[in-house]
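Structural overview
What follows is each chain in one-letter form.
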Amino acid sequence: MNLPILSSKLNKPQLMGPVVTRKAIQTKLNDDKGKRLILVSAPAGSGKSTVINEWISVNRLEHIWYSLDEWDNDLQLFFAYLITGIERIDTAIGAELKQLQEGFQSIGFEPFLRSMIGLLHQIRTEYVLVLDDYHLIENTQIDTVLKMLVDHTPQTMRLVVVTREDPQLSISKLRVKGQLKEIRISDLKFNEEEVKDFLEGQLKVQVTGESIRLLTVRTEGWVAGLQLAALSMQGHDNIDAFIEEFSGNHFYIMDYLIEEVLVALSPQIKDFLLKTSILDYFCGGLCDALLNSNHGTSQKIIHEIEQANLFIIPLDQDRGWFRYHHLFRDLIHQKLTESAQEHTDGPVTEIHKKAADWFTSNGYEREGIHHYLKASAFDEAAGLIENAWDEMDVNLQAASWLSMAELLPEDVIRKRPVLAVGYAWSLLDTGDLENSVKWLEIGECLYKEYLSVGNEYGLLVSDLKQFELIPANLASAHGYIAAGTGDIENLFRHAGDALAKTPEHAYYKRGVIATLLGFAHWSIGEFEEAERIIAGARKDVEKQVNPLTVNSFSMVLGELYIQQGRLNEAENLFASTIRRVEQEGQAGILLASLYLGLAKVAFLRADHKVAHELLAKSKAHSAKYAFMDWEYKYYLLLSRIYCSEGLYEMALDAVSEGKKHYYMNPIPDRITLEDMEVMIAIEQGRSSTANHAISEMNFNEGVPVLLETSACLYMKYHLSPLSPEPSSKKLDELSALCQTMLASAQKQGRSGQVVEYGVIKSVIVKRQGKTEEAKRLMAKAVELAKLEKYYRPFIDYLSEKEYKCIVTTDLVSSEKELANQRLTEPLTVRELEVLALIVDGLSNQEISDRLFLALSTVKGYIHNIYGKLSVTRRTEAVQVSRNLGLI
């Protein structure tokens, strides 16, 4: 199921009838300089939307008006509407955001949100974003979206929230900082002059001053009460007497006035109002279906209601879609509930059922599901949700699908094998492993039971195609779980089983399963088979899914090439994918990771200057968007570079940052942050840390591919000054261990490891006194390394002098990092980022927006920078940084 957009929800409601100009409010709204949020918060019927509508209309402001409903609590649907609105303001940014949303599951909520805010900052057109009826939002993630918009409001956006209750924001802090413009009930109440203008505009008659005063007091200037009063007065000869008759609180007045209005209406219009009050928005065809009317009948009634000013609001200029004022609708709906049998042909649930049938048959499945649920027609809703699962799963909308499925009673899901398996998979996609396993078991039992007895005991299947795929979906889910838990044996078993059970034409499903199987082969060192499988999966998925998913396979293959030492192929693949993304105008979701891959290639070639430049490009792209694992991998590579340059404290700082952003990924990692901590300890000469880590290593039972880095650290330690001079027996042990790894790398075609283990073996045999064998091993390693410029092992295991004697590429150290290291207390990675922005002249708030940090956090970093540089102001920090060579 795609996310169908009802365009009328993004249209500013049409202003109806005479509107009293609220000069004081308009003046207040126009004075919004420096404000991050315009909050219009007041009870129902206070005229909140009208004053914003008038402000936008009078000033002819570009705008996005998003009328929120209950089902906008679905995060993906919320983003879909918001992005469609943005596309009306800036087509290019809107298109980029749509591509970004396609990769939502791969990117994750927070990186997606950060990227979206970054793109909004690129819009140059000034516009107003109105979130109307925000009180209907209960989703905390959407509250987070609002908070981010408030904290990092683009300069060209004016954000307006219209609500009956204050949103989950730090309103008091915004107020104290002067960043909030508030319109409250005290602002919205009509005074006597405005009441007079309003009534005379509505009734076209003069009303006495005493009646105006009394009506103002009785309604407390409440706009909805005044409008209902005006409707009730129509046809009364003595308006003054009418005003004297009613009093009481708002609810009493509204109930009284609604009765007055309904009594004056024809039975046909009254019946129309009652039945259509179940709808959030409506059109003529939908209303014909609810009332069993002939085509066009409802459109005529809608026109009569417009003429009578009965709280109806057109949602588009063509007057195709309408909604009632929410308070009026609530009151009418209450009347429907109280007297359903008296005023309708059947219960309220039957009206919802008719609405659901109409929405479903006209392509609005989500609205159909909503009304089926309201009608307690759970089987019909479940059928629609079940049929939507496959398409939404392929389009990475598991979270959105799950939000619909969770509205069903559990016993309804327990009657449907396909629905239960889809539910399990969606839980798995959203990270709920425990409940996913539970529902996989339920789905499997239901499947077997249905095969045995069919629908004899109330079991139901709507999607027969997916029913046939249940065995494959169950096996692939178990394979996914095995991959996530490192159970390689079961990963092989379940992935192979899933592939055997998945039809050839199910390209996407086969691609996902095959990739898992490829990772299993990769994990045990069968790189050629892994490449064959993943490359084949890429060809399969490109027949069915979007370019983002296809290009992500290229990224995976590039990492596979790197781990094999095929740097030329990795570089070409990353570069060509970058060109394809840019030439085809795709959203650059992959660019941060692709440039990170190129930086890793440069690092392995010992070209630190290029590696730093590519890391900078990667980081620049990440400011817009990046995959969920990007930050972790960025700091991992940064720590390797710093360690190689002798900047050990900075390397440890990068490790620390990496741990904060760790994200489990099924792609096998050859080196981890924990490995880096051991490597830094060895290089830095911290014996206690290194001794402890090495003492826990044991390779008596062989060296799995994913533990080879640990084995290299074990050998490096025993060959370093930290270890006592190794005995002949220890050297023999190291030599045998290295030979085993070398033979494995040669057999598996991993040229990079063949170079690395050849260098290590050369160092070991030289320590054994076997000079000629050492020279022979080193010569082979050098010859092989030159093919790919794979010089990293020579730097890692040889002295700089030895290294320069072997290859012509010099080790390039970053002068800026070295200058930083010479400080009494070096600046951290994040402090260096903040310092660079200070030098560029950015304000504290601009730094906060650029780095997506709280303003208080930025101030804390600046305080630390001043202390480490021994300065007290910005100009001094810039000057000292230049003098020291930090910038």
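Here's a quick rundown of the structure. Fair warning: this is a prediction, and the values are worked out from it, not measured in the lab. (Residues numbered from 1 in each chain as written. Predicted model: local features only at pLDDT ≥ 70, side-chain atom pairs only at ≥ 80, totals over all residues. Heavy atoms only, no water.)

Each helix and strand counted, the protein has 50 helices and 7 strands in total. Overall size of the protein, expressed as C-alpha extent along the three principal axes, is 120 × 80 × 45 Å. Long-range pairs, those at least 24 residues apart, make up 68% of the contacts in the protein between residues at least 6 apart in sequence. Within the structure as shown, the protein displays about 37,700 Å² of accessible surface, and the carbon and sulfur contribution to it stands at 49%. Mean positive and mean negative side-chain charge positions of the protein (93 and 122 charges, respectively) differ by 7 Å. (Helix = DSSP H or I, 4+ residues; strand = E, 2+ residues; numbered from the N terminus. Contact = heavy atoms within 4.5 Å. Areas by Shrake-Rupley, 256 points an atom, 1.4 Å probe, with all protein chains shown as cover. Lys, Arg positive; Asp, Glu negative; His and termini not counted. Charge placed at Lys NZ, Arg CZ, Asp CG, Glu CD.)

Pairing is possible between side chains of opposite charge, provided their charged atoms come close. Using the criterion set out here, one finds 39 salt bridges in the structure. One salt bridge connects Lys147 with Asp151, and the closest N-O pair in it is separated by 2.7 Å. Pair noted here: Lys147 and Asp151 are both in helix H7 (residues 140–151), with a separation of 4 residues, about one helical turn. When salt bridges that share partners are traced, they join Asp166, Arg175, Glu182 and Arg184 into one network. (Salt bridge = Lys/Arg side-chain N within 4 Å of Asp/Glu carboxyl O.)

Now for the environment of Pro267. For Pro267, the location among the structural elements is in helix H15 (residues 267–276). Residues Pro267 and Leu226, 41 residues apart in the sequence, show an inter-C-alpha distance of 25 Å.

Looking at the secondary structure, you find Leu136 in the loop between strand S3 (127–132) and H7. With sequence-adjacent residues up to four places away left out, Leu136 is seen in contact with Leu68, Asp69, Glu70 and Asn73.

With that out of the way, let us pick up the sheet that holds strand S1 (residues 37–41). Spatially, 5 strands are ordered S2-S3-S4-S1-S5 in an open sheet, and the strand pairing comes out parallel. Whereas interior strands pair on both sides, the edge strands pair on one side only; in this sheet they are strand S2 (63–67) and strand S5 (180–183). Across the sheet, the mean angle from the axis of one strand to that of its neighbour is 15°, orientation sign disregarded. Here 4 bridges tie S1 to S5, and the two strands are oriented parallel to one another. (Pairing = 2+ DSSP bridges. Axes fitted to C-alpha atoms, helices over the stretch in contact; angles between N-to-C directions.)

Turning next to the packing of aromatic side chains. For the coordinates displayed, the defined rule picks out 20 aromatic pairs. Their ring planes at 70° and their centres at 5.7 Å tell us that Trp425 and Tyr480 sit as a pair that is edge-to-face. Placement of Trp425 in helix H25 (residues 417–429) and of Tyr480 in helix H28 (residues 470–484) is noted, with a sequence separation of 55 residues between them. When its relative accessible area of 35% is taken as the criterion, Tyr480 is described as partly exposed. Taken together, the ring pairs in this structure connect Tyr66, Phe78, Phe79, Tyr81 and Phe112 into an aromatic cluster. A cation sits over an aromatic face here: Lys9 above Tyr81, 5.0 Å from the ring centre. Sitting over the face of the ring of Phe603, Arg792 holds its NZ or CZ atom 3.8 Å from the ring centroid. (Phe/Tyr/Trp six-rings, centres within 6.5 Å; stacked < 30°, edge-to-face > 60°. Buried < 20%, exposed > 50% of the residue type's maximum accessible area, 1.4 Å probe, protein only. Lys NZ or Arg CZ within 6 Å of the ring centre and 35° of its normal.)

Buried together is how nonpolar side chains tend to be arranged in soluble globular proteins. The biggest cluster of nonpolar side chains holds 227 residues, and the ones touching the most others in it are Phe79, Leu273 and Phe794. With sequence-adjacent residues up to four places away left out, Leu273 is seen in contact with Leu262, Leu265, Ile305, Leu310, Tyr324, Phe328 and Ile332. Ala377, Ala420, Trp425 and Trp439 belong to the second largest nonpolar core, which has 42 residues in total. (Core = buried A, V, L, I, M, F, W, Y, C linked by side-chain atoms within 4.5 Å.)

A few words on the packing of helix H33 (residues 567–583) against helix H34 (residues 591–604). Where H33 contacts H34, the axes come no closer than 10 Å and their chain directions differ by 155°. Here H33 lies roughly antiparallel to H34, going by the angle between them. The handedness of the crossing between H33 and H34 is left-handed. In this structure, H33 contributes Leu567, Ala570, Glu571, Phe574, Ala575, Thr577, Ile578, Val581 and Glu582 to the contact, and H34 contributes Leu591, Leu594, Tyr595, Gly597, Leu598, Val601 and Leu604. A breakdown of the residues in the contact of H33 with H34 according to their chemical character gives 12 nonpolar, 2 polar and 2 charged. (Parallel < 35°, antiparallel > 145°, perpendicular 65-115°, else oblique. Left-handed = near helix turned anticlockwise from the far one by under 90°. Nonpolar A, V, L, I, M, F, W, Y, C, P; charged D, E, K, R; others polar.)

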